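Overview (structure and organization)
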Amino acid sequence: MNQTKQMDFKAHQQVFMDYIRNPENPLPKGIAFERMQVYRELFFNNVFGFVSNGFPVLKSLYSANQWLDLVQAFFSQHDCQSPIFIDIAGEFLHFLQFEYQQKEDDPQFMLELAHYEWLELVVATAKAEPKTQSTTPRDIKTAILSFSISARVAQYHYPVHQISPDFRPSAPLSSPVFFCLYQDEDCDVTFLQLTPLSAQVLGYIAQEGRVEFAALIDWLNVTYPEMDKTTLVSGCLPLVEQLVGKGVLAAH
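For every chain, the first residue of the written sequence is number 1, and numbering continues from 1 along that sequence. Residue-level local features of this predicted model are given only where pLDDT is at least 70; pairs of side-chain atoms are given and counted only at 80 or more, and the full residue set underlies all totals for whole chains, interfaces and linings. Based on all heavy atoms of the structure, the side-chain values leave hydrogens and waters out of the count.

Topic: the pairing of strand β3 (residues 177–183)
Let me state the cut-off plainly: Exposure categories follow from relative accessible area, calculated using a 1.4 Å probe and restricted to protein chains: below 20% of the type maximum is buried, above 50% is exposed, and the middle band is partly exposed. The helix count covers DSSP runs of H or I at least four residues long, the strand count covers runs of E at least two residues long, and both are numbered beginning at the N terminus. When DSSP locates at least two bridges between a pair of strands, those strands are taken to pair.
Here β3 lies mainly inside the structure; seven of its seven residues are buried. Residues V177, F179, L181 and Q183 of β3 are buried on one face, and the alternating residues F178, C180 and Y182, pointing to the opposite face, are buried as well. With six bridges connecting them, strand β2 (residues 151–156) and β3 associate as antiparallel partners. Across the sheet, A154 pairs through a bridge with F179, a residue of β3. Judged from the six bridges that link them, β3 and strand β4 (residues 189–194) form a sheet pairing that is antiparallel. The partner of C180 across the bridge, within β4, is L192. Hairpin geometry of β3 and β4 is characterised by an intervening segment of five residues between the two adjacent antiparallel strands and by a positive phi of about 65 degrees at C187.

Quick notes on the pattern of salt bridges
Note the cut-off: Definition used for salt bridges: Asp or Glu carboxyl oxygen within 4 Å of a side-chain nitrogen of Lys or Arg.
This structure, assessed with the given rule, holds one salt bridge. The residue D218 makes a salt bridge to K229 at a minimum N-O spacing of 2.7 Å. Taken together, the positions of D218 in helix α9 (residues 213–223) and K229 in helix α10 (residues 229–246) put the pair 11 residues apart, joining distant regions of the chain. For D218, a relative accessible area of 37% corresponds to the partly exposed category.

Points about the side chain of S52
Our working rule: Polar contacts, as used here, are pairs of N or O atoms within 3.5 Å; protein pairs need one atom able to donate a hydrogen and one able to accept it. Residues neighboring in sequence count only if both atoms are side-chain atoms. Here a residue-residue contact requires only that any non-hydrogen atoms of the pair lie within 4.5 Å.
Its location among the elements puts S52 in helix α2 (residues 33–54). Its relative accessible area of 7% is what places S52 among the buried residues. A polar contact of 2.8 Å, which involves the side chain of S52, links it to the backbone oxygen of F48. If we ignore the near neighbours within four places in the chain, the residues touching S52 are K59 and W67.

Quick notes on the pairing of strand β1 (residues 144–147)
Examined bridge by bridge, β1 and strand β5 (residues 210–212) share three bridges and lie antiparallel to one another. Bridge pairing links L145 to V211 in β5. Pairing of β1 with strand β6 (residues 249–251), which is carried by three bridges, proceeds in the antiparallel orientation. By the bridge assignment, S146 is partnered in β6 with A250.

Let's talk about the nonpolar core
Stated formally: For our purposes a nonpolar core is just a set of buried Ala, Val, Leu, Ile, Met, Phe, Trp, Tyr and Cys residues, chained together by side-chain atoms within 4.5 Å.
Within the largest apolar cluster, 36 residues are counted, with the highest numbers of intra-cluster contacts made by V51, L58, W67, F92 and L96. Broken down by secondary-structure element, the contributors of at least two residues to this core are α2, α4 (64–77), α5 (85–98), α6 (110–125), β2 and β3. Of the residues forming this core, the biggest block, seven residues, is contributed by α6. Excluding anything up to four places from it in sequence, V51 contacts W67, V71, F74, I88 and F92. Grouped together as the second largest cluster of nonpolar side chains are 30 residues, L192, L194, V211 and L216 included.

Right under this line is the structure:
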């Protein structure tokens with residue numbers, strides 16, 4: 001008997017949630033339409049606010065009705081696993097990448113812009129690390145380097161940092177652009193546009209976790225065998241020093 005009641009409750013709960021997601025589904029028995037509308041508006045408005053605040057530039061490229069339809073599609077089709085703001089933003093990005101069928105009205109750079117805005121949130125909400133003690137060339141050469149937990153490196157084929165209602169690129173760039181997003185001294189999110197070599201250096205350190213400067217130079221020497229170690233050191237040392245100074249890298 002108890003098991004039957006439990007099954008009935010789960011079934012009723014599922015009908016309730018199905019209606020909350022999409023009012024075209026059947027109305028749960030025993031609950032007034034007006035009451036269900038209050039529930040639905042409460043749930044949907046929270047999600048709508050989270051998504052809109054997390055992706056302001058993407059939102060600005062749509063009309064009010066178009067954006068409402070897009071968030072409604074996410075709300076009704078995607079099974080969110082967390083009520084936390086940053087998690088909902090990540091799930092919206094996942095929805096766009098793997099579940100949503102882009103329409104003619106959607107900008108072709110939609111996924112890259114959404115990823116960039118999500119990455120800004122990730123960096124903004126990351127717990128900043130304490131500043132490293134020293135960044136002199138001598139210290140860098142003997143330090144263990146690691147990637148900051150509040151920094152990220154990404155590659156895009158569109159100039160995502162410039163997109164706005166007044167600038168919508170019609171085609172990808174001739175070559176990809178690389179960015180490092182990180183927290184500055186005031187814990188504000190800022191970005192560096194990287195050269196391909198700088199992006200490779202940061203990507204290698206992030207992948208390895210903890211790297212000695214000498215090991216970094218050895219890796220670069222294998223990657224660029226046409227360059228001697230002296231040239232690599234003279235080019236890489238000021239770069240790493242700058243990145244440590246900005247807090248992108250930590251020197252232990």
